[in-house]
Amino acid sequence: MTDLERRAGIFAALADQTRLRIVDLLTLGDLSSSEIGATLDLRSNLIAHHLGVLESAQIVARTRSEFDRRRTYIGLRPEVFDTLAPPSVIPPRRVLFVCTANSARSQLAETIWRDASAVDVASAGTRPAEEVNPEAIAAAARHGLAMRPAHPPQHIDDVRADGDLVITVCDDAHERLRDGDDLHWSIRDPARVGTAAAFDAAFDALCLRIRALSSRLVAA
């Protein structure tokens, strides 16, 4: 069985709400089948069925009680969550965030990345504005981050270098580059709305994406 097949089997087993509830319980500690049934108010035949599926998917394992040898406990296999996790990514030389004007989203992404990862980072635009949007600077400050200092908007051609992982954070930049990026994140333009809430929403969306990606960067 390949790693992908194993992960698919685990996700298929957890698609059932009852089995997902069982796994939720087991993340806190090992339980006997009768304890699971009592907690979830399920009949013994249903518990046996669901535990059988989870065992077949290699999500749980049984161990016999050292005290009462007639009793067994069900626990999560220690490797199961590592198996579920997506594969690691080798860190690039540098991450380059790109939007249209390099005045808001890509500047925010650069600032968030710098706080989240030791991998070098830069930002640029396909049609740079004259200055960084002050609402972007304010949004970063509201979240405890400072653009240190926010560099003037730059064109991607003046910034991109070999080895960069290019991430477009707006649809316009992605479509203009025509496959010239490595990843695309479709983040709404906060400047179109112009409110603090819109910039905070863009910050939060970028933060979620950046935390997820940076956590997967593992040196070879």
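Residues numbered from 1 in each chain as written. Predicted model: local features only at pLDDT ≥ 70, side-chain atom pairs only at ≥ 80, totals over all residues. Heavy atoms only, no water.

**Q** Any chance you could break down unusual backbone geometry for me, citing the residues and the numbers?
**A** With a phi close to 60 degrees, Gln-58 is a non-glycine residue in the positive phi region. Turning to its location among the elements, Gln-58 is positioned in the loop between helix H4 (44-56) and strand S1 (60-64). Phi angles above zero are rare outside glycine, and Arg-178 is one such case at about 50 degrees. One can find Arg-178 in the loop between helix H9 (171-177) and strand S6 (183-184). (Helix = DSSP H or I, 4+ residues; strand = E, 2+ residues; numbered from the N terminus.)

**Q** Go over the environment of Gly-194, please, and point to the residues and values.
**A** As for its placement among the helices and strands, Gly-194 is situated in the loop between helix H10 (190-193) and helix H11 (196-214). Judged by its relative accessible area of 35%, Gly-194 falls in the partly exposed class. Separated by 59 residues in the primary sequence, Gly-194 and Glu-135 have C-alpha atoms spaced 7.7 Å apart. Here Gly-194 is in contact with Glu-135 and Phe-199, once residues within four sequence places are set aside. (Buried < 20%, exposed > 50% of the residue type's maximum accessible area, 1.4 Å probe, protein only. Contact = heavy atoms within 4.5 Å.)

**Q** Describe in detail the nonpolar core, supporting the description with residues and values.
**A** Of all hydrophobic cores here, the largest spans 39 residues; its most connected members are Phe-97, Trp-113, Trp-185 and Leu-206. Of all elements in the fold, only strand S3 (94-99), helix H6 (105-116), strand S4 (120-125), helix H7 (134-142), helix H8 (156-159), strand S5 (164-168), H9 and H11 reach the threshold of two or more residues within this core. At seven residues, the largest contribution of residues to this core is made by H11. Excluding its chain neighbours within four sequence positions, the residues that come into contact with Trp-113 are Val-95, Phe-97, Val-119, Asp-120, Val-121, Ile-210, Leu-213, Ser-214 and Leu-217. In terms of nonpolar packing, the next biggest core, distinct from the first, is built from 18 residues, Leu-26, Leu-51, Val-60 and Val-80 among them. (Core = buried A, V, L, I, M, F, W, Y, C linked by side-chain atoms within 4.5 Å.)

**Q** Talk me through the pairing of S5; I want residue IDs and the actual numbers.
**A** Most of S5 is tucked away, with five of its five residues classed as buried. Along S5, one buried face is formed by Asp-164, Val-166 and Thr-168 and the opposite face, lined by Leu-165 and Ile-167, is buried too. Here S3 pairs with S5 via five bridges, running parallel. The residue of S5 that forms the bridge with Val-98 is Thr-168. Relative to S6, S5 is paired through two bridges, and the arrangement is parallel. The residue bridging Thr-168 from the neighbouring strand is His-184, located in S6. (Pairing = 2+ DSSP bridges.)

**Q** Can you break down the environment of Ala-139 residue by residue, with the values?
**A** Within the element layout of this structure, Ala-139 appears in helix H7. Distance from Ala-139 to Leu-96, taken between C-alpha atoms, is 20 Å for residues 43 residues apart in sequence. Beyond its immediate stretch of four places on either side in the chain, Ala-139 contacts Leu-108, Phe-199, Asp-200 and Phe-203.

**Q** So, the pairing of S3: which residues are in play, and what are the values?
**A** Summarising burial for S3: six of the six residues are buried, a large majority. Here S3 shows a buried face lined by Arg-94, Leu-96 and Val-98 and a second buried face lined by Val-95, Phe-97 and Cys-99. Direction of pairing for S3 relative to S4: parallel, over a ladder of six bridges. What sits directly across from Cys-99, in S4, is Gly-125. With H6 bridging S3 and the parallel S4, this β-α-β connection has right-handed handedness. (Right-handed = clockwise from strand over helix to strand, strands pointing away.)

**Q** A description of the packing of aromatic side chains should follow, citing residues and the corresponding values.
**A** For the structure on display, the rule yields two aromatic pairs. Each ring, one from Phe-97 and one from Trp-185, has its centre 5.8 Å from the other, and the planes form 50 degrees; the classification is tilted. Here the residue Phe-97 occupies a position in strand S3, and Trp-185 occupies one in the loop between S6 and H10, the gap between them amounting to 88 residues. Judged by its relative accessible area of 0%, Phe-97 falls in the buried class. A residue is classified by how much of its surface remains accessible, and Trp-185, at 6% relative accessible area, is buried. (Phe/Tyr/Trp six-rings, centres within 6.5 Å; stacked < 30°, edge-to-face > 60°.)

**Q** Would you mind going over the pattern of salt bridges in detail, with residue names and values included?
**A** For the structure shown, the criterion picks out 14 salt bridges. Two residues, Glu-110 and Arg-114, come together in a salt bridge whose shortest N-O distance is 2.8 Å. One end of the pair is Glu-110 and the other is Arg-114, both in helix H6 and four residues apart, which spans about a single turn. Judged by its relative accessible area of 6%, Glu-110 is buried. (Salt bridge = Lys/Arg side-chain N within 4 Å of Asp/Glu carboxyl O.)

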